[in-house]
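# Observations on the three-dimensional arrangement
The primary structure of each chain is shown beneath.
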Number of protein chains: 2
Amino acid sequence: MRTAAKIHPPGDWVRDVKGTTYGFDAFLERITAFHGYPAPGLVIGGKMVDLALSAMPSGCLFDAIAETGHCLPDAIQMLTPCTAGNGWLKVMDLGRFALALHDKHSGNGIRVFIHTHKVAAWKQIDSWFFKRKPKAEQDSDALLREIQQAGEKILQMETIRVQPRLMVKDSVGTRGICPQCGESYPLKHGSACRACQGLSPYTTV
Amino acid sequence: MRTAAKIHPPGDWVRDVKGTTYGFDAFLERITAFHGYPAPGLVIGGKMVDLALSAMPSGCLFDAIAETGHCLPDAIQMLTPCTAGNGWLKVMDLGRFALALHDKHSGNGIRVFIHTHKVAAWKQIDSWFFKRKPKAEQDSDALLREIQQAGEKILQMETIRVQPRLMVKDSVGTRGICPQCGESYPLKHGSACRACQGLSPYTTV
């Protein structure tokens, strides 16, 4: 299901695309299971996805954009069916703590971001977000409590439209055999695969 | 847990990093829940992760590389704690159907890829992988049965070492406020955020 359900009992922290809700502590547990540890950015990210879902029109088949690779891709993957491997989630390295859900066909959608003015009212969040203290001096429990208390008060929502060129599905196209490594690769990459063109992440042994 | 357990009862399709095993059908169900549909590439990807895990030294804290954004990131995310949002999984657009797990510190690891010569012996897999037939003419059930039968027989494993420059943790660094959009961004990106530098995925309204 890639369309947003509309039921959201008050008091719960986040709701996923199917309408299942999770309390704050239950969501922390889910985060730890998927992400490895209860990252504050992912707790906020869950609220961001929840807010975006709540504003999407009923029945809208959507794709997602994370404007940073930090935490937000996981918030989207945990609460929607858009994943890094199915093509419905695009992870961009824009460095903004923001995400968007948008209609797969029209590109119209909802963007949610951390509002820097609003954050200023929350000491722990502000200090964590802008790294005003060394990590070791941060009070993780106080930070999480403040995130829970702040909820969507630190967030801002806006309507957006995704550029049509970014909605073209990235197709592998015809596959051929790389004359250098002998592995298959998309012929559109050139006369050899990109790894053999110098982009290999490995050292040659 | 980011170190590989060593128990792997025969007959099961994949084993995750904790040593929990899944039969073929159970893994198909998990794929459908996470990825949206039982993508053949993800079924094979699961076996690739399993094979890599089985060859990693006990107790090794590892990171992961997917050499394509198609399916393989999800296989890694489903069976290991390396995710798109926690920095332990790097998704590259090399176009090769390959993945690697490597020691977080030394860069030494295991790479698994589909071996094109071995695939030739499996009609359905060969036809799907090289797109020799239009999708509508493919027999999905026969393809999945063949994938189950082939198992790791279509895969090849090799030892690799990741380039040290790729193992440097991508830190956000100091955050500032973009003078154009007013949102926070990593100051290392320049005097404005990358979106305001022209990389925004949205149309201006």
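Now for a quick tour of the structure. (Residues numbered from 1 in each chain as written. Chains lettered and ligands numbered in written order. Predicted model: local features only at pLDDT ≥ 70, side-chain atom pairs only at ≥ 80, totals over all residues. Heavy atoms only, no water.)

### Side note on the overall build of chain A
The criterion, for reference: Comment: elements are numbered from the N terminus, with helices defined as DSSP H or I runs of at least four residues and strands as E runs of at least two. The buried label goes to any residue with under 20% of its type's maximum accessible area, the exposed label to any with over 50%, and the partly exposed label to all in between, with areas taken from a 1.4 Å probe on protein chains only. In what follows, a contact means two residues having at least one pair of non-hydrogen atoms within 4.5 Å. Here the Shrake-Rupley method, with its probe set to 1.4 Å, supplies the accessible areas, and only the displayed protein chains count as covering residues. Positive charges are assigned to Lys and Arg, negative charges to Asp and Glu, while His and the chain termini are left out of the count. To locate a charge, take NZ of a lysine, CZ of an arginine, CG of an aspartate or CD of a glutamate.
A tally of helices and strands in chain A yields seven helices and nine strands. Based on the C-alpha atoms only, the size of chain A along its principal axes is roughly 60 × 45 × 30 Å. For chain A, buried positions account for 56% of its 205 residues. Partitioning the contacts of chain A with sequence separation of at least 6, the portion at a separation of at least 24 is 61%. In the structure as shown, chain A presents an accessible area of about 9,200 Å², 53% of it carried by carbon and sulfur atoms. Each charge class in chain A was averaged separately, 24 positive and 19 negative side chains, and the resulting centres sit 6 Å apart.

### Observations concerning the pairing of strand β5 (residues 98–103) of chain B
Residues and elements named next belong to chain B. Rules: Should DSSP find at least two bridges between two strands, the strands are taken to pair.
When you tally the buried positions in β5, you get six out of six residues, the bulk of the element. Bridge count for strand β3 (residues 62–66) against β5 is five bridges, and the pairing is antiparallel. Its bridge partner lying in β5, D63 is registered against H102. Two elements, β5 and strand β6 (residues 108–114), share five bridges in a ladder whose sense is antiparallel. Among the inter-strand pairings, A98 is bridged to a residue of β6, identified as F113. What sits between β5 and β6 in their antiparallel hairpin is a turn of four residues, with G107 showing a positive phi close to 85°.

### Quick notes on the relation of the copies chain B and chain A
For clarity, the threshold we go by: When the copies are overlaid, the least-squares fit takes in C-alpha atoms only where the residue has pLDDT of at least 70 in both copies.
Aligned on chain A, chain B shows an RMSD of 0.0 Å; the corresponding rotation is 180° and the shift along the axis is 0.0 Å. Such values leave the two copies arranged in the relation of a two-fold axis. Ranked by how close their C-alpha atoms come to the rotation axis, the residues of chain B are headed by B:A84, at 3.4 Å. Looking at chain B, 100% of its interface residues are interface residues in chain A too, so the copies touch through the same face.

### Points about the sheet that holds β3(B)
Residue and element names in this part refer to chain B. The condition that has to hold: Fitting a line to C-alpha atoms yields each axis, with helices limited to the stretch in contact; the angle taken between N-to-C directions then spans 0 to 180 degrees.
Across the sheet, five strands lie side by side as β4-β3-β5-β6-β7; this open sheet has mixed pairing. Each having just a single partner strand, β4 (89–91) and β7 (155–161) make up the two edges of the open sheet. Looking at each pair of strands side by side, their axes are set apart by 20° on average, direction ignored.

### Notes on unusual backbone geometry
Residues and elements named next belong to chain B. Here the phi dihedral of C71 falls at roughly 65°; this positive angle occurs in a residue that is not glycine. Looking at where C71 falls in the secondary structure, it is placed in the loop between β3 and α3 (72–79). Phi at K131 takes a positive value of approximately 50°, unusual for a residue other than glycine. Tracing the chain through its elements places K131 in the loop between α5 (123–129) and α6 (140–150).

### Section: the pairing of β3(B)
Here is the key point about a regular strand: its side chains alternate between the two faces of the sheet. All names here are of chain B. Our working definition: Crossovers are described as right-handed under a simple rule: with the strands pointing away from the observer, the path leading from the first strand over the helix to the second runs clockwise.
Taking burial as the measure, the five residues of β3 include five buried ones, the bulk of the element. Burial along β3 is two-sided: F62, A64 and A66 facing one way and D63 and I65 facing the other are all buried. Sheet topology note: the β3/β4 ladder contains three bridges and is parallel. Bridge pairing in β4 places A64 opposite L89. In this fold, β3 hands off to α3, which returns the chain to β4; that crossover is right-handed.

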